[in-house]
Amino acid sequence: MNDSRRWLWIAGLLLLGWLLYLLHPILSPFLIGVLLAYLGDPLVDRLERWKLSRTWGVILVFVLFGLILALMLLVLVPLLGKQLMRLYELTPQMLDWAQHVALPWVQAQLGLNDGFWRFDQLKAALSGHLGKTTDILGLVLSQATASGLALVAWVANLLLVPVVTFYLLRDWDLMIAKVRGMLPRSREGLVVTLVGECHEVLGAFLRGQLMVMLALGLVYATGLMLIGLELGLLIGLLAGLASIVPYLGVVVGVTAALTAGLFQFGGELYPLLAIAAVFGVGQLLEGMLLTPWLVGDRIGLHPVAVIFAIMAGGQLFGFSGVLLALPVAAVIMVLLRHAHDFYKLSALYGESPRGSDEPQSPA
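About the cut-offs
- Residues numbered from 1 in each chain as written.
- Predicted model: local features only at pLDDT ≥ 70, side-chain atom pairs only at ≥ 80, totals over all residues.
- Heavy atoms only, no water.
- UniProt positions renumbered as here; feature names shortened; annotations may be inferred.
- Helix = DSSP H or I, 4+ residues; strand = E, 2+ residues; numbered from the N terminus.
- Buried < 20%, exposed > 50% of the residue type's maximum accessible area, 1.4 Å probe, protein only.
- Contact = heavy atoms within 4.5 Å.
- Areas by Shrake-Rupley, 256 points an atom, 1.4 Å probe, with all protein chains shown as cover.
- Salt bridge = Lys/Arg side-chain N within 4 Å of Asp/Glu carboxyl O.
- Core = buried A, V, L, I, M, F, W, Y, C linked by side-chain atoms within 4.5 Å.
- Axes fitted to C-alpha atoms, helices over the stretch in contact; angles between N-to-C directions.
- Parallel < 35°, antiparallel > 145°, perpendicular 65-115°, else oblique.
- Left-handed = near helix turned anticlockwise from the far one by under 90°.
- Phe/Tyr/Trp six-rings, centres within 6.5 Å; stacked < 30°, edge-to-face > 60°.
- Expected span 1.5 Å × (residues − 1).
- Bend = angle between axes of the 7 residues up to and from the residue.

The chain goes by AI-2E family transporter in an unreviewed UniProt entry, where it is assigned to Pseudomonas benzenivorans. Word for word, the UniProt comment on the chain under Sequence similarities (unreviewed entry) is "Belongs to the autoinducer-2 exporter (AI-2E) (TC 2.A.86) family."

What follows is the structure in structure tokens.
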């Protein structure tokens, strides 16, 4: 009976995985809604503790998210648009600078042969692609006109996200209680423990690491803009987004900022030192304040595991897989941790499950 039940569970999991694979093209708005509801639930719970109804708490959280989104659209997006256009304008000059200044200097320092970089081929390829995208808006509009149904589907999915988020957020606690009520009574304690650990890991990562990313992006962008770096906002936000993996943000940011600084300021030392100081301050804030305060030591997701999970999810299921990657990685990590504990207590590992105090037989 136990074997048949076990095989039934395996078959059910395989069927669920197959259905998710078939439905992944339409899952994105629902997964985004689940993610937003999961992130917003603690705020609504706090408002409920302040004697506010669940529905009004959800409405207030929606208003807060809406104000943040409106602020981004009104302030951040135009600034980023200007910097993207500036980057597009500077790209040919940066290619010339790299060809005639930066790469020859590196070549002379390393003693490389002439033509080692084959930069003419790279420049021709990049220039060809740039020439095809001179009218970005026209290209987007032409694609949208050519695939009107795809545009309608995209807009429908975008409008579906707040609807799904609202209903999930309003009924979140009720759904959790119903799912818990359906658990087998003999397994409820174990399942609740595992889910609690997954929630702790995932919540710490999503809420804490996202706040760290936003804070670092703000610090980097503000510092680089104060220095006078033309692409400071774009590079700072890019470094903040890359900080989803520890230390990746500072590597990406320093490389991009120093390259842009060398192109803009030439060989001036002080602007380059100022750029390094901005990222140094950011790392100090992250290590001494942001990560201990916002994340703590509860994540347990190794940076390599985060990179692999995101890339594997995107490869298997596209954007839906990227959204599922970190929750699945958190669950797998918790299960592997418990499997490791069971293995250490098993006879296969070679230790007695009753502990080390058991008397040993004489040789």
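Still to come is the rest of the account.
Caption draft 1: Molecular detail of the overall build of the chain. Helix and strand counts for the chain stand at 12 helices and zero strands. Listing the helices and strands of the chain from first to last along the sequence gives α-α-α-α-α-α-α-α-α-α-α-α. Looking at the chain as a whole, 26% of its 363 residues qualify as buried. Within the chain, contacts between residues at least 6 apart in sequence are counted, and of these 70% link residues at least 24 apart. For the chain, the exposed surface amounts to about 24100 Å²; the carbon and sulfur share of it is 73%.

Caption draft 2: Quick look at the pattern of salt bridges. Following the criterion strictly, the structure yields eight salt bridges and no others. In this structure, Arg 54 engages Asp 45 in a salt bridge whose closest nitrogen and oxygen atoms are separated by 2.7 Å. Residue Arg 54 shares its accessibility class with Asp 45, and that shared class is buried. Between Glu 48 and Arg 54 there is a salt bridge whose closest N-O contact spans 3.0 Å. A residue is classified by how much of its surface remains accessible, and Arg 54, at 11% relative accessible area, is buried. Among the ionic contacts, a cluster of salt bridges with common partners joins Asp 41, Asp 45, Glu 48, Arg 54 and Asp 173.

Caption draft 3: Looking closely at the nonpolar core. Formed by 22 residues in total, the largest nonpolar core has its most connected members in Leu 169, Leu 206 and Val 334. Listed by contribution, the elements that provide at least two residues to this core are helix H2 (28–49), helix H3 (54–110), helix H6 (148–170), helix H8 (188–227) and helix H12 (303–345). Here this core takes six residues from H8, the largest share from any one element. If sequence neighbours within four positions are ignored, Leu 206 has contacts with Leu 35, Tyr 38, Leu 39 and Leu 326. The next biggest cluster of nonpolar side chains, apart from the first, holds 17 residues, and it includes Leu 216, Leu 231, Phe 265 and Leu 272.

Caption draft 4: A look at the packing of helix H9 (residues 232–242) against helix H10 (residues 248–265). Look at H9 against H10: their axes get within 7 Å of each other, and the N-to-C directions meet at 160 degrees. In this view, H9 runs roughly antiparallel relative to H10, as classed from their interaxial angle. Every pair of crossing elements has a handedness; the one defined by H9 and H10 is right-handed. On H10, the residues that touch Ile 235, Leu 238, Ala 239 and Ala 242 of H9 are Leu 248, Gly 249, Val 252, Gly 253, Ala 256, Ala 257 and Ala 260.

Caption draft 5: Just the packing of aromatic side chains, in detail. Using the criterion set out here, one finds four aromatic pairs in the structure. Judged by centre distance (6.3 Å) and plane angle (55 degrees), the ring pair of Tyr 38 and Trp 172 falls under tilted. On the criterion of sequence distance, the pair formed by Tyr 38 in helix H2 and Trp 172 in helix H7 (residues 172–181) is long-range, its members being 134 residues apart. Neither residue differs from the other here; Tyr 38 and Trp 172 are each classed as buried. Relative to Phe 166, the ring of Phe 62 has its centre 5.8 Å away and its plane inclined at 80 degrees; by these criteria the two rings are edge-to-face. Taken as a pair, Phe 62 in helix H3 and Phe 166 in helix H6 lie far apart in primary sequence, 104 residues in all. Three or more aromatic residues joined by ring pairs make a cluster, and in this case those are Phe 62, Phe 166 and Tyr 167.

Caption draft 6: Structural context of the UniProt feature "transmembrane region" (unreviewed entry) in the chain. Following the UniProt record, one finds the feature "transmembrane region" (unreviewed entry) at residues 7–38, 58–80, 149–169, 218–238, 244–265, 272–295 and 307–336. As a span, residues 58–80 carries 100% helix and 0% strand, and end to end its C-alpha atoms are 31 Å apart. Taken end to end, residues 218–238 is 81% helix and 0% strand, and its two terminal C-alpha atoms sit 10 Å from one another.

Caption draft 7: Quick peek at unusual backbone geometry. With phi around 70 degrees, Lys 51 is a residue other than glycine that occupies positive phi space. For Lys 51, the location among the structural elements is in the loop between H2 and H3. In this structure Lys 51 comes out as exposed when scored by relative accessible area, which is 79%.

Caption draft 8: Spotlight on H2. The end-to-end C-alpha distance of H2 is 32 Å, a good match for the 32 Å that 22 residues give at a rise of 1.5 Å each. Where H2 bends most, the angle comes to about 40 degrees, and this point is Gly 40, followed within four residues by the proline Pro 42. Taken together, the buried positions of H2 are occupied by Ser 28, Pro 29, Leu 31, Gly 33, Ala 37, Tyr 38, Gly 40, Asp 41, Val 44, Asp 45 and Leu 47. Downstream of H2 by a residue or two, Lys 51 has a phi angle that is positive, lying close to 70 degrees.

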